[in-house]
Amino acid sequence: MTISQATFAYVAQLVHERAGIHLEPGKEYLVESRLAQPARECGATDVDTFVARLRAHPTPATVEEVVEAMTTNETSWFRDVAPFDALREHVVPQVRATRPSGPLRIWSAACATGQEPYSIAMTLADLAAGDCDVLATDLSPRALERGREGHYTSLEMNRGMPAAALVRHFRRSGSGWQVSDALRSRVRFAHHNLLGAPPAWRTFDVVFLRNVLIYFDLATRVRVLDQVLRSLQPGGWLVLGSAETTLGVHEGFERVAAGAATIFRAVPVPAHAVTPVAALWAPGVHVPAVPVATATGLPTPRGAGPL
């Protein structure tokens, strides 16, 4: 069975408004496959019926369930390797050359179930880079809870985990593995939507935003990169996925080769080049009635206003 065009159009608009994900025509099969289980769980005979009920009686819980079902939580340990080599060999030495003391702050955005932020924390631990804080955020509460628990199956551990890191930072727990308390203490998990304001956690030396922009249209990429730029220290670093770039999208970053990786450095831009925050909700940008979640559970720095 194929879902109706009305169902697809509604879901596509919903996930674009809430998560920035752009679903092009032809992705009907994806909507049908991702929403089949939520439809069964609520007793609907098919996805069209499930979505029709949602349209008639939208609730925050059901909206969140649909958006979460349509997001991709694909991840692995030290994914693609090169970005972590760049962090170790290029980024951290440059940050410490200009700021020898003080905590190194890194934001792992769209962190899924936690493999990326824990990989970052392991890289920093091996460097003895001084005080380090890693903020891990995601749109999915379920994924964040998995990250906070820090418990992974053997199958998940086999996806990129080096033996030396396994021995140093994990212990056996039942049939799986548990992140050590020392490593968990370096990572904070918080719910955050990239379409909202940046996390109220001062500014960051490095932002990992990998394999996320590929799901956004151009306007949403600009909007998200504006927010990332605001969240970075002057000269801070942005790490994207291997198929992503800021070139031709945002002039606030310059491309830097770092070994086998390509990373991006924040550069000064004219005030007019960065979209004013108010313009993010300008006419034509529809924000639904159900609130968009932002980072919670983090200390608010002095002088910071509400998110």
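Because the structure is a prediction, the values reported are computed rather than measured. (Residues numbered from 1 in each chain as written. Predicted model: local features only at pLDDT ≥ 70, side-chain atom pairs only at ≥ 80, totals over all residues. Heavy atoms only, no water.)

This paragraph deals with the packing of helix α1 (residues 5-19) against helix α3 (residues 47-56). Between α1 and α3, the least distance of the axes is 10 Å, while the angle of their chain directions is 55°. With respect to α3, the axis of α1 lies oblique. Judged by the twist between their axes, the crossing of α1 over α3 is left-handed. Taken together, the residues of α3 that come into contact with α1 (itself represented by Ala6, Thr7, Tyr10, Val11 and Leu14) are Val47, Asp48, Val51, Leu54 and Arg55. Split by residue class, the contact of α1 with α3 holds seven nonpolar, one polar and two charged. (Axes fitted to C-alpha atoms, helices over the stretch in contact; angles between N-to-C directions. Helix = DSSP H or I, 4+ residues; strand = E, 2+ residues; numbered from the N terminus. Parallel < 35°, antiparallel > 145°, perpendicular 65-115°, else oblique. Left-handed = near helix turned anticlockwise from the far one by under 90°. Contact = heavy atoms within 4.5 Å. Nonpolar A, V, L, I, M, F, W, Y, C, P; charged D, E, K, R; others polar.)

An order of β6-β2-β1-β7-β8-β10-β9 is seen for the seven strands of this open sheet, with the pairing classed as mixed. In the strand order of this sheet, the two ends are held by β6 (187-191) and β9 (253-258), each with one partner. Strand-to-strand, the axes of this sheet are offset by a mean angle of 25°, without reference to chain direction. Relative to strand β10 (residues 261-266), β9 runs antiparallel, the two being bridged by six bridges. Residue pairing in the sheet places Ala257 in a bridge with Thr262 of β10. Here helix α7 (residues 141-149) sits on the sheet in contact with β2 (132-138) and β6, set at roughly 165° to β6. (Pairing = 2+ DSSP bridges.)

Taken as a whole, the chain shows an average pLDDT of 84; of its residues, 86% reach a score of 70 or greater. Across residues 275-307, confidence stays below pLDDT 50; counting only partners more than four residues off in sequence or on other chains, it has 51 contacts. (pLDDT = per-residue confidence, 0-100.)

What follows deals with the packing of aromatic side chains. Applying the stated rule across the entire model yields seven aromatic pairs. Ring geometry for Trp77 and Tyr152: centres 5.0 Å apart, planes at 80°, overall edge-to-face. Here Trp77, found in the loop between α4 (60-70) and α5 (82-98), pairs with Tyr152, found in strand β3 (residues 151-152); they are 75 residues apart in sequence, far enough to count as distant. Of the two residues, Trp77 and Tyr152, both sit in the buried class. Taken together, the ring pairs in this structure connect Trp77, Tyr118, Tyr152, Phe170 and Phe189 into an aromatic cluster. (Phe/Tyr/Trp six-rings, centres within 6.5 Å; stacked < 30°, edge-to-face > 60°. Buried < 20%, exposed > 50% of the residue type's maximum accessible area, 1.4 Å probe, protein only.)

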